[in-house]
Amino acid sequence: VGPKLFQYVVKVIVQALQLLYTMLKIDKPSYILLQNPPGLPAIAVAWVACLFWRSKLIIDWHNYGYTIMSLNHGKNHPLVQIAKWYEKLFGRLSDYNLCVTNAMKEDLWVNCNIKAVTLYDKPASYFKETPLELQHRLYVKLAEDYEPFKPRTEAVSSNAERSAFTEMDEKNGHVIKTRGRPALLISSTSWTEDEDFSVLLKALEDYECYINEGAKLPSLVCVITGKGPLKDYYNGLINKLHFKHIQICTPWLEAEDYPLLLGSADLGVCLHKSSSGLDLPMKVVDMFGCCLPVCAIYFECLHELVKHDENGLIFRDSNELAEQLKMLFLGFPTLEGKLHSFRKNLRVSKQLRWDESWDQTVLPLLGQNE
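Computed from a prediction, not measured in an experiment: that's the story for all the values here.

Undergrad: Where do I start with the overall build of the chain in this structure?
TA: Within the chain one finds 13 helices and 13 strands. For the chain, the spread of C-alpha atoms along the three principal axes comes to 70 × 45 × 35 Å. A total of 370 residues make up the chain; the buried ones form 50% of that total. A separation threshold of at least 6 residues defines the contact pool for the chain, and within that pool the share at least 24 residues apart is 69%. Put simply, the chain shows about 19,300 Å² of open surface, and 54% of that area lies on carbon and sulfur atoms. Positive and negative charge centroids in the chain, built from 40 and 44 side chains respectively, lie 2 Å apart.

Undergrad: Help me understand a nonpolar patch on the surface, please; the structure alone is not making it clear to me.
TA: Taken together, the side chains of Leu5, Val9, Ile13 and Leu17 present a nonpolar region at the surface, about 380 Å² in accessible area. As for its placement among the helices and strands, isoleucine 13 is situated in helix α1 (residues 4–24).

Undergrad: Would you mind going over the side chain of serine 163 with me for this structure?
TA: In this fold, serine 163 is placed in the loop between β5 (160–162) and β6 (166–169). Apart from the residues lying within four places of it in its own chain, the contact partners of serine 163 are His136, Tyr139, Val140, Phe149, Lys150, Pro151 and Thr178.

Undergrad: Mind showing me how you'd approach the sheet that holds strand β7 (residues 175–177) here?
TA: Strand order in the open sheet formed by 3 strands is β5-β6-β7, and the pairing between neighbours is antiparallel. For this open sheet the edge positions go to β5 and β7, each flanked by a neighbour on one side alone. On average, each strand axis in the sheet is tilted by 25 degrees relative to the strand beside it, whichever way the strands run. Pairing analysis gives 3 bridges linking β5 to β6, with the strands arranged antiparallel. Within β6, the position partnered with arginine 162 by the bridge is glutamate 167.

Undergrad: I tried to follow the domain arrangement of the chain on my own but got confused; where do I start?
TA: Partitioning the chain into structural domains gives domain 1 (9–120 + 356–367) and domain 2 (132–348). Of note, the centres of domain 1 and domain 2, computed from C-alpha atoms alone, are 35 Å apart. A combined buried area of about 940 Å² lies between domain 1 and domain 2, and 60% of that area is made up of carbon and sulfur atoms. When the area that domain 1 buries against domain 2 is broken down by residue, the three leading residues are Asn63, Leu71 and Thr101, summing to 40%. Where domain 1 meets domain 2, there are 7 residue pairs in polar contact (both at pLDDT 80 or more). Contributions of two or more residues to the side of domain 1 that touches domain 2 are made by α3 (65–73) and α5 (102–112). Here the side of domain 1 that touches domain 2 is composed, by residue class, of 7 nonpolar, 6 polar and 1 charged.

Undergrad: Honestly, the UniProt feature "domain: Glycosyl transferase family" (unreviewed entry) in the chain in this entry has me stumped. Any pointers?
TA: According to UniProt, the feature "domain: Glycosyl transferase family" (unreviewed entry) maps to residues 180–326 in the numbering used here. Helix makes up 32% of residues 180–326 and strand makes up 19%, while its end C-alpha atoms are separated by 17 Å.

Undergrad: For this particular structure, what's the right way to read the environment of glycine 277?
TA: Relative to the elements of secondary structure, glycine 277 occurs in the loop between β11 (267–270) and α10 (282–289). Judged by relative accessible area, glycine 277 falls into the buried class, the value being 5%. Note: C-alpha distance between glycine 277 and alanine 103 (174 residues apart in sequence) is 8.7 Å. In this view, glycine 277 contacts Phe299, Glu300 and Cys301; residues no more than four positions away in its chain are not counted.

Undergrad: Help me out: how do you make sense of helix α11 (residues 318–329) in this one?
TA: Residues spaced three or four apart along an α-helix point in a common direction, a consequence of the helix completing one turn every 3.6 residues. For α11, which comprises 12 residues, the first-to-last C-alpha distance of 16 Å matches the rise-based estimate of 16 Å (1.5 Å per residue) to within 8%. Every buried residue of α11 is listed here: Ser318, Leu321, Ala322, Gln324, Leu325, Leu328 and Phe329. Looking down the long axis of α11, one finds its buried residues gathered within 160 degrees of arc, a one-sided arrangement. For α11, the N-terminal capping position is held by aspartate 317, with its side-chain oxygen 3.2 Å away from the main-chain nitrogen of asparagine 319. Glycine 331 lies just past α11 and shows a positive phi near 80 degrees.

Undergrad: In this structure, what is going on with the pattern of salt bridges? I would like to understand it.
TA: Two side chains that carry opposite charge are able to pair once their charged atoms sit near each other. A full pass over the atoms with the stated rule returns 10 salt bridges. One salt bridge in this structure joins glutamate 254 and lysine 141, with 3.3 Å as the shortest N-O distance. Of the two residues, glutamate 254 sits in the loop between β10 (246–249) and α9 (257–262) while lysine 141 sits in helix α6 (residues 132–143), which places them 113 residues apart along the sequence. On the accessibility criterion, glutamate 254 (41% relative accessible area) is partly exposed. Judged by relative accessible area, which is 33%, lysine 141 ranks as partly exposed. Two residues, aspartate 206 and lysine 202, come together in a salt bridge whose shortest N-O distance is 3.0 Å. Here the residue aspartate 206 and the residue lysine 202 both occupy positions in helix α7 (residues 198–212), the gap between them amounting to 4 residues, near one helical turn. Look at aspartate 206 and you get buried, because its relative accessible area is 15%. Via salt bridges that share partners, Glu129, Arg343 and Arg347 belong to a single interconnected network.

Undergrad: Before we go on, may I ask you to explain unusual backbone geometry in this structure?
TA: Among all residues save glycine, negative phi is the norm, and among peptide bonds the norm is trans. With an omega of 5 degrees, the peptide bond between proline 37 and proline 38 qualifies as cis. Each neighbour pair has its own omega, and for leucine 40 with proline 41 the value is 10 degrees, a cis peptide bond.

Undergrad: What exactly am I supposed to notice about the state of the cysteines here?
TA: One way to say it: the disulfide is the covalent bond shared by the sulfur atoms of two cysteines. Counting across every chain of the model gives 0 disulfides. Between cysteine 291, a cysteine without a disulfide, and cysteine 290, which holds the nearest cysteine sulfur, the sulfur-to-sulfur distance is 7.7 Å. On the basis of relative accessible area, cysteine 291 is assigned to the buried category, the value being 10%.

What counts, and at which threshold
- Residues numbered from 1 in each chain as written.
- Predicted model: local features only at pLDDT ≥ 70, side-chain atom pairs only at ≥ 80, totals over all residues.
- Heavy atoms only, no water.
- Helix = DSSP H or I, 4+ residues; strand = E, 2+ residues; numbered from the N terminus.
- Buried < 20%, exposed > 50% of the residue type's maximum accessible area, 1.4 Å probe, protein only.
- Contact = heavy atoms within 4.5 Å.
- Areas by Shrake-Rupley, 256 points an atom, 1.4 Å probe, with all protein chains shown as cover.
- Lys, Arg positive; Asp, Glu negative; His and termini not counted.
- Charge placed at Lys NZ, Arg CZ, Asp CG, Glu CD.
- Patch = residues over 30% accessible without salt bridge, like charges linked within 9 Å, V, L, I, M, F, W, Y side chains within 5 Å.
- Salt bridge = Lys/Arg side-chain N within 4 Å of Asp/Glu carboxyl O.
- Pairing = 2+ DSSP bridges.
- Axes fitted to C-alpha atoms, helices over the stretch in contact; angles between N-to-C directions.
- Domains from an automatic or database assignment.
- Buried area = accessible area lost by both parts, 1.4 Å probe.
- Polar contact = N/O pair within 3.5 Å; in protein donor to acceptor, adjacent residues only side chain to side chain.
- Nonpolar A, V, L, I, M, F, W, Y, C, P; charged D, E, K, R; others polar.
- UniProt positions renumbered as here; feature names shortened; annotations may be inferred.
- Expected span 1.5 Å × (residues − 1).
- Arc of directions from axis to C-beta.
- Disulfide = S-S within 2.5 Å.

Spelled out as structure tokens, the structure:
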């Protein structure tokens, strides 16, 4: 009840007291590791707890909370300015700082006088290419609830179990990809203001036009996973589209199915635009762990993750994305072409996994201060 500002202040105070009470009940830690955002009121509370415990505070900077707030309120809103002052002040009180890009490392030093070490996000070990048999099982499971995964035609043999993408001979369990299968395009989102999905929807409209004009392109199944505040709004836009060659579904996947689907897809699309321009999309990190090539929308430091024309493509608007989809899927599903070379580059890059990256970057930082 009451004015919005009053509600917000009360919420922050209550959360601060709850969090401090919880933290002071735990056994004394040597370090408290805090991811920011969300940092209001967590940074201040963690700092107070560290004073009590005589522990070290490590802040893991994934973005700035005040830039996320500015998406709703505008850069000059008093709450945004207070949040900015708060992050800078309490950020400087930390003992060690990690960040996700070199661009953020520089910004923290120049604008906040905070010295940080870059620790790039890395995929967990379960993000990997999905074997064909597992792909088939996943498609059949999803076909129970989602029309795009159901087979397009009746099976030639009564012994065959089919999905839109695969076929299994039930006698010997052998799985093959179906002839003329659609391409599987995947994107994931939290359906928030920093991702404009109308860019993808417009590109898909152009892709449909290319097929109607005679381009030798496959049908598309476009899967957009996740949940969030703008999902209903975009579902409304999707329902107004009437495609002949494109099917779109927006499922909420079980946790174990998401990496399997990434490892089964043909192309990932990322529409994340950093609110600060200094963080990188974790969804692309996970896609690369599955050796899945990506088309990602441009922002300032994206080049630290997506190498244009090497492991994916960077686009600036829906027209450019549509052209990239046309170029990548022309003649699909032959093994030649850019999609294959991108996937090949991702396979040979042998990128570090999360635990290996932590051991190399963070453990030495902690060890030198024992």
